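The residues making up each chain are set out below.
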Amino acid sequence: MKVISPQGEHIELMTVNVGPSHPATHGTLRILAALDGENIAACVTEIGYLHRGFEKMIEQGTYQQVLPYTDRLNYCSAMMNNIGFCKAVEGMFSVTVPERCIVVRVILSELSRIIDHMVCVCTNLVDLGALTNFWYFFNTREEVYKIWEKLCGARLTNTVTRIGGMYRDVYPDFANDVTEVLKKIESSVTEVRGLIEHNKIFIDRTKDICVVSAADAISWGWTGPCLRASGVDRDLRKDEPYYGYQDYQFDTVIGTSGDTFDRIMVRIYEMIESVSITRQALAKLKPGPINSTDARLSLPSRDQVYHDMEALINSFKLIYEGVRPPPGESYDATEAANGELGYLIVSDGGTNPYRIKVRPPCFTQFAAYADMLEGGMLADVAASLGSINIIAGELDR
Amino acid sequence: MIASHAPVPHGPIQPGLGALQLEEHLRDRFAMVRDPRDLTGLTMVVAPERLREAIKYLRDAENLKFAMLLDVVGIDYLSFPDHRESRFAVVYLLKSLDFRHRLSLKVWVDEERPAVPSVHELYKSANWAEREVWDQYGIVFTDHPNLKRLLNHHEFIGHALRKDYPCQKRQKLSVNDMMIDQLEARLKSRGYTLLEHGEQHPGSLITRPSAVPHTGAPPPPGGATGARP
């Protein structure tokens, strides 16, 4: 491609296509770059290779049937999608779930945040050629998945919450298992930090690479760790606290320069904060009911079903038709591992959702990717994609 | 590229305006009406011709500072019971980083002329979000710099999230989007002058001139409404 550069030189650019299926694309996405030597003069990105029509499919079933689909949005922290969706629907009924359910959801959220950050950080490091960290993190992640398995039988796609509560209460040894896994998480985070924080190769590859200023990050609609890495101290858990996050002692981690290094380090330090939140939540885990008793959401107990006609009818209606939120619209968001995960739900009063729009956090982050890369080098494509944590499941829906 | 506007918030988030104050303020200034459908937050309905002006004001006013456009959402009310307004709505989810307030702006969009002004100059996030709404609902965002499909294949006919698009309908889609036209447009916007058009490179199976010269003009009217299934 023959062009005249902005400096007035006649040069020839080479176009290079990366993806959609490439080990470094973390899913399926495509980058078309025009190269001047090794530098990216301009590039465009394409998504949609994993578009399954999520928002069309979920209009065909009941609200409960949406839940398994939400697992497949950000599949690195599936439980947080479950929790966000259930919280949004419960909000339409103005129902608050019992205290024990809230605490369990906080524990599951924070552990999910940790394993999500682990995948993000260590796969990014693998893209840079640092494989050791991968084993340290994936061994610990496996321990968390063992807890998931004991909790609900599933590992990756859990469908662990229900509208109005949980699939079931946690198993008796749950608190001990979590306490043990937290120690392992701390030690693996320390190990990985030791390997990378002052590592010259890592710093050279990530410092001042793909810098996004705070103003740009806000305009791009960035949320979560990526926004905080650009130096903006905003976190939904602090700013619009839900599930009692205002009662937990934790710091928001913010970066200074908004480069790839900051985006990785913010996640590493957030894991330590999440460990602290989980410990505090474990101390709050008191016996009690796990499901709401609101008849519009929760199944009646077996005892009631066998002895009370109304409860029997209610049970049938909830199984066959599901919940029926009042007609109207509602937007609700939680701080997921990647940023603000929002659900805009439109209900016509029927059993099926009329329209659900998911606001996936990595959509806005990937929209900025072409701008981030331009002016940098081709090697930065792989080095920085992991740091914005693209999960094609929620990006393409 | 668009210059970024947002001053970076410092310190903890402030309480901000309550829903009632916000509603009164916007009603007086932009003749907006509160949408009673919103169950938990505040949705205000604004006329499409005042949308850009209103969003710019919401972004910049000292006591509002809606610095972030979280998402742009299309809704098709075709089969909504007892619906009297226009068929489509576009909802803009706005959030402030200085104040703890949120706002949704709703614009009603006619079926015959589904067009809304683009706000890509005000928020960078609008570019892709509007492309997605165009892709799924066929709503045109006038003056959008690159209104192309985002999630669906470029040969896809119709708009999948419209209520009259059958869920099980299948389409045969064959050739990849070369994206050379988009790349050329980006090079131009970065100050390069192109000396030749079209491209032959190892990633493409065929050599062809760029199919659609990039002009920035909205798609033709036929494409605007989209072919009905």
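Residues numbered from 1 in each chain as written. Chains lettered and ligands numbered in written order. Predicted model: local features only at pLDDT ≥ 70, side-chain atom pairs only at ≥ 80, totals over all residues. Heavy atoms only, no water.

Caption draft 1: Fine view of helix 3 (residues 126-137) of chain B. Residue and element names in this part refer to chain B. The end-to-end C-alpha distance of helix 3, which contains 12 residues, comes to 16 Å, matching closely the 16 Å that a straight helix rising 1.5 Å per residue would cover. Here helix 3 lies mainly inside the structure; 11 of its 12 residues are buried. A positive backbone phi angle near 70° is found at glycine 138, which sits one or two residues after helix 3. (Helix = DSSP H or I, 4+ residues; strand = E, 2+ residues; numbered from the N terminus. Expected span 1.5 Å × (residues − 1). Buried < 20%, exposed > 50% of the residue type's maximum accessible area, 1.4 Å probe, protein only.)

Caption draft 2: Expanded view of the sheet that holds strand 3 (residues 14-18) of chain A. Strands sit in the order 3-4-5 (chain A) across an open sheet of 3 strands; the sheet is antiparallel. Of all strands in the sheet, those with a lone pairing partner are strand 3 and strand 5 (39-46) of chain A, marking the two edges. For this sheet, the mean inter-axis angle between neighbouring strands, taken without regard to orientation, is 20°. Relative to strand 5 of chain A, strand 4 (residues 30-36) of chain A runs antiparallel, the two sharing 7 bridges. Opposite aspartate 36 of chain A, over in strand 5 of chain A, you have asparagine 39 of chain A as the bridge partner. In the packing of helix 4 (residues 180-189) of chain B onto the sheet, the strands contacted are strand 3, strand 4 and strand 5 of chain A, and the crossing angle to strand 5 of chain A comes to about 135°. (Pairing = 2+ DSSP bridges. Axes fitted to C-alpha atoms, helices over the stretch in contact; angles between N-to-C directions. Contact = heavy atoms within 4.5 Å.)

Caption draft 3: View of the pattern of salt bridges. In this structure the tally under the stated criterion is 52 salt bridges over all chains. One salt bridge connects arginine 228 of chain A with glutamate 270 of chain A, and the closest N-O pair in it is separated by 2.6 Å. With a gap of 42 residues between them, arginine 228 of chain A in helix 9 (residues 224-229) and glutamate 270 of chain A in helix 11 (residues 260-284) connect regions that are remote in the sequence. The pair formed by arginine 228 of chain A and glutamate 270 of chain A is uniform in burial state, with each residue classed as buried. Of the charged contacts in the structure, one is a salt bridge between aspartate 60 of chain B and arginine 59 of chain B, with a shortest N-O distance of 2.9 Å. Arginine 59 of chain B gets classed as buried once you look at its relative accessible area, which sits at 12%. Connected through shared salt-bridge partners, Glu110, Arg113, Arg228, Asp235, Arg237, Glu270 and Glu335 of chain A make up one network. (Salt bridge = Lys/Arg side-chain N within 4 Å of Asp/Glu carboxyl O.)

Caption draft 4: Quick peek at helix 5 (residues 132-152) of chain A. Residues and elements named next belong to chain A. A rise of 1.5 Å per residue sets the reference length of helix 5, with its 21 residues, at 30 Å; its end C-alpha atoms lie 31 Å apart and thus fit the reference within 8%. For helix 5, the set of buried residues is Asn133, Phe134, Phe137, Thr140, Arg141, Val144, Tyr145, Ile147, Trp148, Leu151 and Cys152. Seen from one end, helix 5 has its buried residues packed into an arc of 155°, which puts them on one side. What points out from helix 5, more than 90 degrees from its buried face, is the exposed set Asn139 and Lys150. Looking at the buried side of helix 5, the elements it contacts are helix 3 (78-93), helix 4 (99-127), helix 6 (174-196) and helix 11. (Arc of directions from axis to C-beta.)

Caption draft 5: Spotlight on the packing of aromatic side chains. If you walk through the whole model with that rule in mind, you get 21 aromatic pairs over all chains. Here tyrosine 354 of chain A and tyrosine 77 of chain B contribute two aromatic rings whose centre-to-centre distance is 6.4 Å and whose plane-to-plane angle is 20°, an arrangement assigned as stacked. Taken as a pair, tyrosine 354 of chain A in the loop between strand 9 (339-347) and strand 10 (355-359) and tyrosine 77 of chain B in the loop between strand 3 (68-76) and strand 4 (88-95) lie in two separate chains rather than in one. Seen in terms of ring centroids, phenylalanine 156 of chain B and tyrosine 165 of chain B are 5.6 Å apart; in terms of plane orientation they differ by 35°. Their pairing is tilted. Judged by relative accessible area, which is 7%, tyrosine 165 of chain B ranks as buried. (Phe/Tyr/Trp six-rings, centres within 6.5 Å; stacked < 30°, edge-to-face > 60°.)

Caption draft 6: Quick look at the interface of chain B and chain A. Contacts between the two partners involve 74 residues from chain B, matched on the other side by 74 residues from chain A. Summing both partners gives a buried area of about 6,300 Å² for chain B against chain A, and 60% of it is carried by carbon and sulfur. The interface formed by chain B and chain A holds 12 salt bridges in total. The residue arginine 186 of chain B makes a salt bridge to aspartate 371 of chain A at a minimum N-O spacing of 2.4 Å. Secondary structure elements with two or more residues in the side of chain B that touches chain A: strand 3, strand 4, strand 5 (102-109), helix 3, helix 4 and strand 8 (193-194) of chain B. Sort the elements by how many residues they give to the side of chain B that touches chain A and strand 3 of chain B lands first, with 9 residues. Bridge analysis of strand 1 (residues 2-4) of chain A against strand 8 of chain B gives 2 bridges, and the strand direction is antiparallel. Looking at strand 8 of chain B, one finds that valine 3 of chain A is bridged to leucine 194 of chain B. (Buried area = accessible area lost by both parts, 1.4 Å probe.)

Caption draft 7: Region of interest: the nonpolar core. Among the nonpolar cores identified, the biggest contains 112 residues, and Leu108, Leu111, Phe174, Ile185, Trp222 and Phe366 of chain A are the most heavily contacted of them. One finds Leu58, Tyr92, Val116 and Phe141 of chain B within the second-largest nonpolar core, a separate group that totals 39 residues. (Core = buried A, V, L, I, M, F, W, Y, C linked by side-chain atoms within 4.5 Å.)

Caption draft 8: Quick look at the pairing of strand 8 (residues 328-336) of chain A. Residue and element names in this part refer to chain A. Within strand 8, 9 of the 9 residues are buried, which leaves it mostly tucked inside the rest of the structure. With burial as the criterion, each face of strand 8 is covered, one bearing Gly328, Ser330, Asp332, Thr334 and Ala336 and the other bearing Glu329, Tyr331, Ala333 and Glu335. Here 9 bridges tie strand 8 to strand 9, and the two strands are oriented antiparallel to one another. In the strand pairing of strand 9, alanine 336 is matched with glycine 339. As consecutive antiparallel partners, strand 8 and strand 9 are separated by 2 residues.

Caption draft 9: Region of the structure containing the packing of helix 6 of chain A against helix 11 of chain A. Residues and elements named next belong to chain A. At a minimum axis separation of 10 Å, helix 6 and helix 11 run at an interaxial angle of 160°. As the angle between them shows, helix 6 and helix 11 are arranged roughly antiparallel. Our pair here, helix 6 against helix 11, has a crossing hand that is left-handed. In contact with Ala175, Val178, Thr179, Leu182, Lys183, Ile185, Glu186, Val189, Val192, Arg193 and Ile196 of helix 6, helix 11 contributes Ile264, Met265, Ile268, Tyr269, Met271, Ile272, Val275, Thr278, Arg279 and Leu282. Partitioning the contact of helix 6 with helix 11 into residue classes produces 15 nonpolar, 2 polar and 4 charged. (Parallel < 35°, antiparallel > 145°, perpendicular 65-115°, else oblique. Left-handed = near helix turned anticlockwise from the far one by under 90°. Nonpolar A, V, L, I, M, F, W, Y, C, P; charged D, E, K, R; others polar.)

Just distances and angles here, no functional claims.
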